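Listed here are the chains, written in short residue letters.
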Amino acid sequence: MAKKIFLYTGIVSVIVLGVVILWRPAHVSENTRESRTPEEALELYLNDRMDYSLTFSRILAERRIRSAESLAVVRPDLRPLAREVIDSLNNRLARTGGS
């Protein structure tokens, strides 16, 4: 009797596990990441707490500088904030020996 219970439990658990692994809900899109508004992105760039002595942080800061520069061209109303972000990131990189 106990062996049959373990056998049935094992079979049911394998079936449930297979359904959970293989089943994908149709209503969920592939790209569910919420994007930030340009204002939020610039505020994030301005207020981050990264260690700019790390190579990855330096690369990310350079990408953020380019992003802020292109945003300043596209959105003239955000130009002052973008300029502040660019200056801040350049200063942070300069303090840690970069750029």
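Quantities reported herein were computed from a predicted structural model and do not represent experimental measurements.

## Remarks on the overall build of the protein chain
Moving on, step 1. Helix and strand counts for the protein chain come out as 4 helices and 0 strands.
Moving on, step 2. Each helix and strand of the protein chain, ordered N terminal to C terminal, gives the series α-α-α-α.
Moving on, step 3. Looking at the 99 residues of the protein chain, the share that counts as buried comes to 24%.
Moving on, step 4. Across the protein chain, contacts joining residues at least 24 apart in sequence account for 65% of those joining residues at least 6 apart.
Moving on, step 5. Here the protein chain has roughly 8000 Å² of accessible surface; of this, 60% comes from carbon and sulfur atoms.

## Thoughts on the packing of helix H2 (residues 38-47) against helix H4 (residues 79-95)
Moving on, step 1. At their nearest, the axes of H2 and H4 sit 9 Å apart, and the two run at 25 degrees to each other. As summarised for this structure, H2 and H4 are arranged roughly parallel, according to the angle between their axes. For the pair H2 and H4, the crossing hand works out as left-handed. On H4, the residues that touch Leu42, Glu43, Tyr45, Leu46 and Asn47 of H2 are Leu81, Ala82, Glu84, Val85, Ser88, Leu89 and Arg92.
Moving on, step 2. When the residues that make up the contact of H2 with H4 are grouped by side-chain class, the tally is 7 nonpolar, 2 polar and 3 charged.

## Re the nonpolar core
Moving on, step 1. Leu42, Ala68, Val85 and Leu89 are the most contacted members of the largest nonpolar core, which totals 17 residues.
Moving on, step 2. Per element, the largest residue contribution to this core is 6 residues, and it comes from H4.
Moving on, step 3. Those residues in contact with Ala68, other than ones at most four positions away along the chain, are Leu42, Ala82, Val85 and Ile86.

## Comments concerning the pattern of salt bridges
Moving on, step 1. Considering all chains together, one arrives at 5 salt bridges under this definition.
Moving on, step 2. The salt bridge involving Arg64 is made with Asp48; its shortest N-O contact spans 2.7 Å. You can see Arg64 sitting in helix H3 (residues 55-74) and its partner Asp48 sitting in the loop between H2 and H3, a full 16 residues away along the chain. Exposure class is identical for Arg64 and Asp48. Each is buried.
Moving on, step 3. Residue Arg83 is joined to Asp87 by a salt bridge in which the shortest nitrogen-to-oxygen separation is 3.2 Å. Of this pair, Arg83 and Asp87 both sit in helix H4, separated by 4 residues, roughly a single helical turn.
Moving on, step 4. For Arg83, a relative accessible area of 43% translates into the label partly exposed.

## Topic: a nonpolar patch on the surface
Moving on, step 1. There is a patch of nonpolar side chains on the surface, built from Leu7, Ile11, Ile15, Val19 and Trp23 and spanning about 540 Å² of accessible area.
Moving on, step 2. Position of Leu7 among the secondary structure elements: in helix H1 (residues 2-22).

## Re H2
Along an α-helix, residues three or four apart share an orientation, since each turn contains 3.6 residues.
Moving on, step 1. Here H2 has its buried residues at Ala41, Leu42, Tyr45 and Leu46. Angularly, the buried residues of H2 cover 135 degrees about the axis, an arc narrow enough to put them on a single face.
Moving on, step 2. Buried residues along H2 sit against H3 and H4.

Conventions we followed
Residues numbered from 1 in each chain as written. Predicted model: local features only at pLDDT ≥ 70, side-chain atom pairs only at ≥ 80, totals over all residues. Heavy atoms only, no water. Helix = DSSP H or I, 4+ residues; strand = E, 2+ residues; numbered from the N terminus. Buried < 20%, exposed > 50% of the residue type's maximum accessible area, 1.4 Å probe, protein only. Contact = heavy atoms within 4.5 Å. Areas by Shrake-Rupley, 256 points an atom, 1.4 Å probe, with all protein chains shown as cover. Axes fitted to C-alpha atoms, helices over the stretch in contact; angles between N-to-C directions. Parallel < 35°, antiparallel > 145°, perpendicular 65-115°, else oblique. Left-handed = near helix turned anticlockwise from the far one by under 90°. Nonpolar A, V, L, I, M, F, W, Y, C, P; charged D, E, K, R; others polar. Core = buried A, V, L, I, M, F, W, Y, C linked by side-chain atoms within 4.5 Å. Salt bridge = Lys/Arg side-chain N within 4 Å of Asp/Glu carboxyl O. Patch = residues over 30% accessible without salt bridge, like charges linked within 9 Å, V, L, I, M, F, W, Y side chains within 5 Å. Arc of directions from axis to C-beta.

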